[in-house]
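Each chain, written out:
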Amino acid sequence: MPNGVPLSWLRGNEITAWLQENGFSTTNVRASVAMVLKVQARDHVGAAGAARGEADRYAARSLIATGNQLRQLPLLWVKGAPSPAPMKEASRGVGVKELFREDRVFSTEASQSVDAALELLAHLDGSSPPAAIAGGWGAIEGLLADPSDRSSAADNLATLMTCSFPRAELTTLSYRCERQHPEASQDLAGVTGNRDRARAVGLMIVEGRMPAMRGEVDQAAIARLKKLLDNPGPELQTIRDAIGESFHRLYRQRNLILHGARLDSVALAASLRTVAKLAGAGMDRITHGCYVQRLKPMELVARANLSLALASREEPLCCVDLLEAN
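Residues numbered from 1 in each chain as written. Predicted model: local features only at pLDDT ≥ 70, side-chain atom pairs only at ≥ 80, totals over all residues. Heavy atoms only, no water.

*Asks:* I tried to follow the nonpolar core on my own but got confused; where do I start?
*Replies:* When a protein is soluble and globular, its nonpolar side chains tend to lie buried together. If you look at the biggest cluster of nonpolar residues, it comprises 64 residues, and the most contacted ones within it are Ile 140, Leu 144, Leu 160, Met 210, Phe 247 and Met 283. Broken down by element, this core gets its largest block of residues, ten residues, from helix H6 (residues 152-180). Those residues in contact with Ile 140, other than ones at most four positions away along the chain, are Ala 145, Ala 153, Leu 157, Phe 247, Leu 250 and Ala 279. If you look at the next biggest cluster of nonpolar residues, it comprises nine residues, including Ala 48, Ala 55, Leu 76 and Val 78. (Core = buried A, V, L, I, M, F, W, Y, C linked by side-chain atoms within 4.5 Å. Buried < 20%, exposed > 50% of the residue type's maximum accessible area, 1.4 Å probe, protein only. Helix = DSSP H or I, 4+ residues; strand = E, 2+ residues; numbered from the N terminus. Contact = heavy atoms within 4.5 Å.)

*Asks:* Please clarify how the layout of surface pockets should be interpreted in this entry.
*Replies:* Taking a probe equal in size to a water molecule and rolling it over the atoms shows the remaining empty space. One number sums up the size of the largest pocket: a volume of about 1700 Å³. Lining the largest pocket are 43 residues, and of these Gly 49, Ala 50, Gly 53, Glu 89 and Pro 129 sit closest to its centre. Mapped onto the lining of the largest pocket, the elements with two or more residues apiece are helix H2 (44-66), helix H5 (129-144) and helix H10 (268-291). Examining the composition of the lining of the largest pocket, we find that twelve residues originate from one element, H2, more than from any other. Residue classes in the lining of the largest pocket are distributed as 19 nonpolar, eleven polar and 13 charged. Put simply, the second largest pocket is a space of about 1400 Å³. Surrounding the second largest pocket, 42 residues form its lining, Trp 9, Val 33, Ala 34, Met 35 and Val 36 being those nearest its centre. When residues of the lining of the second largest pocket are traced back to their parent elements, those giving at least two are helix H1 (13-21), strand E2 (33-34), H2 and strand E3 (75-76). For the lining of the second largest pocket, the element with the highest residue contribution is H2, accounting for nine residues. Looking at side-chain class alone, the lining of the second largest pocket contains 27 nonpolar, nine polar and six charged residues. (1 Å grid on protein atoms, 1.4 Å probe; cavity = no way out; pocket = protein on both sides within 12 Å on 5 of 7 lines; lining within 4 Å. Points joined across faces, edges and corners; volume = space filled by probe spheres on them. Nonpolar A, V, L, I, M, F, W, Y, C, P; charged D, E, K, R; others polar.)

Next up, the structure:
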């Protein structure tokens with residue numbers, strides 16, 4: 001039907017019949033039309049993800065063609081699945097908590113470049129994979145790229161993330177240690193700031209006083225941190241290289257999308273899983289540097305590069321202060 005609902009879509013009782021035929025409840029399902037999509041996936045979770053991508057494309061076409069948004073139900077149904085799946089994909093975990101910590105969510109004091117980057121970064125959390133990758137990389141490149149080499153933004157953000165990693169890992173471990181071994185955490189008594197908590201736990205690891213943790217995740221964290229604190233220079237470089245490769249992969253996917261019109265790359269979803277949280281954490285550090293330390297993003301990168309160059313095993317706890325003023 002020209003300019004209307006396609007003839008292949010289900011209507012009215014056909015929708016109820018399809019749901020019942022495939023073992024789904026029809027309670028509170030109120031839809032005038034529905035589409036049945038055929039997708040290729042390994043399981044019903046993958047099928048739901050593929051269906052979301054198709055639905056996002058239809059919604060985008062409808063918006064730009066008619067000016068009206070499609071009003072979608074909050075659920076979608078995959079044949080053979082035990083229950084409906086949410087139509088909106090779960091958050092990818094992109095978080096810039098600095099805005100909340102420093103009470104700047106609705107602040108009138110703004111940095112035009114950082115605020116523009118945050119708007120682009122929002123797409124990385126909930127948009128379709130092509131839009132998420134294009135917006136996410138746009139945020140990173142806009143703040144951290146050298147004009148003569150746009151891919152340098154990947155290495156610059158990796159540098160910031162590397163400098164943030166030790167304190168974040170040590171701080172998380174400090175709270176878990178305090179909960180599991182209150183009798184053995186006198187070093188943490190009365191310590192409130194994250195910097196001091198991280199230094200206290202780092203010293204416990206260096207001196208071999210860290211109590212045994214119950215969880216395998218915590219044991220692995222202690223092993224990683226011990227290796228890092230024993231020889232900070234090379235280990236920090238290894239971390240930087242690994243994170244940098246993830247961001248370079250994001251850059252390559254962005255180029256495929258924007259310059260090659262490839263919207264079906266098999267690496268889209270995997271790239272997002274790898275970098276979404278890292279990009280959010282990196283933007284968190286940039287936001288802190290801008291509003292609290294009064295540093296431009298590239299000034300913060302310069303400080304991070306200097307700190308990595310000076311890191312040595314003679315002063316292992318320097319890992320806690322890599323983004324602080326020297």
